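# Reading the structure
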Amino acid sequence: MKLTYRGVDYESNPLAVELTPGEIGGKYRGQQWRRHYPRHIPVPQPVAELKYRGVPYCVGDPLDVEAMKLRRQPEAIATEKTGQKTGQELTNTHLDHIRRNLEHRLQVAREKGDQTLIRLLEDEARQMMVGS
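These numbers come from a predicted model, not from an experiment. (Residues numbered from 1 in each chain as written. Predicted model: local features only at pLDDT ≥ 70, side-chain atom pairs only at ≥ 80, totals over all residues. Heavy atoms only, no water.)

Attention now moves to the overall build of the protein. From N to C terminus, the protein includes four helices and six strands. Reading the secondary structure of the protein in the N-to-C direction produces β-β-β-β-β-β-α-α-α-α. Within the span of the protein, comprising 132 residues, buried residues form 8% of the whole. Pairs at least 24 apart in sequence give 6% of the contacts found in the protein among residues at least 6 apart. With the model as given, the accessible surface of the protein reaches about 12100 Å², and the carbon-plus-sulfur share is 55%. (Helix = DSSP H or I, 4+ residues; strand = E, 2+ residues; numbered from the N terminus. Buried < 20%, exposed > 50% of the residue type's maximum accessible area, 1.4 Å probe, protein only. Contact = heavy atoms within 4.5 Å. Areas by Shrake-Rupley, 256 points an atom, 1.4 Å probe, with all protein chains shown as cover.)

Here is the structure:
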């Protein structure tokens, strides 16, 4: 098929896709219709790591891309390249901050002499020790 775009002639060779009728169908405005599916199963796009103007990105099926990232453990790579903390280091830092906050709250409750609050905070501290 000959086509023209902005004065440039070119040939169009559309792909012929073999279709097979599906089970889903019906009648619309007096005409029968049936859903058709491609006869072949499309080959998934391979996962690739690319870079455009210094910005890395991945192409492919999103689930495959995520699986690839998990296999490569990007945390270790990011730590080496950027000096950022890994997930485990961030978790430990977060727990350390929670413990310090709890100790401060417990100290303030003891200074005020609030026995109910002291008991609650001590229970929270015990739960944190069991959880970690």
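Examined bridge by bridge, strand β3 (residues 19-28) and strand β4 (residues 31-38) share seven bridges and lie antiparallel to one another. Its bridge partner lying in β4, Leu19 is registered against Pro38. (Pairing = 2+ DSSP bridges.)

Attention now goes to a nonpolar patch on the surface. A cluster of nonpolar residues, Ile24, Tyr28, Trp33 and Tyr37, forms a patch on the protein surface that exposes about 440 Å² of accessible area. Going through the elements one at a time, β3 and β4 are the ones with two or more residues in the nonpolar patch. As for its placement among the helices and strands, Tyr37 is situated in strand β4. The exposure class of Tyr37 is partly exposed, given its relative accessible area of 33%. (Patch = residues over 30% accessible without salt bridge, like charges linked within 9 Å, V, L, I, M, F, W, Y side chains within 5 Å. Salt bridge = Lys/Arg side-chain N within 4 Å of Asp/Glu carboxyl O.)

Attention now moves to unusual backbone geometry. A positive phi is found at Arg6, a non-glycine position, where the angle reads about 50 degrees. Along the polypeptide, Arg6 turns up in the loop between β1 (2-5) and β2 (8-11). Since its relative accessible area comes to 74%, Arg6 is described here as exposed. Positive phi values are uncommon outside glycine, yet Arg53 reaches one of about 50 degrees. For Arg53, a relative accessible area of 74% translates into the label exposed.

A few words on the nonpolar core. Listed in full, the six residues of the largest apolar core are Leu102, Leu106, Ala109, Ile118, Leu121 and Met128. Those elements that place two or more of their residues in this core are α3 (87-112) and α4 (115-131). Discounting chain neighbours no more than four positions away, the residues touching Ile118 are Leu106, Ala109 and Arg110. (Core = buried A, V, L, I, M, F, W, Y, C linked by side-chain atoms within 4.5 Å.)

The next subject is the pairing of strand β6 (residues 55-59). Pairing of strand β5 (residues 48-52) with β6, which is carried by five bridges, proceeds in the antiparallel orientation. Bridge pairing links Ala48 to Val59 in β6.

What follows deals with the pattern of salt bridges. Inspection of every chain in the model, using the stated rule, returns four salt bridges. Of the charged contacts in the structure, one is a salt bridge between Glu124 and Arg105, with a shortest N-O distance of 3.3 Å. Highlighted residues: Glu124 in helix α4 and Arg105 in helix α3, separated in sequence by 19 residues. By relative accessible area, which is 37% here, Arg105 ends up partly exposed. Arg110 is the salt-bridge partner of Glu122, the closest N and O atoms lying 3.2 Å from each other. Of this pair, Glu122 sits in helix α4 while Arg110 sits in helix α3; the two residues are twelve residues apart in sequence, bridging distant segments of the chain. For Glu122, a relative accessible area of 27% corresponds to the partly exposed category.

Geometry only, nothing functional implied.
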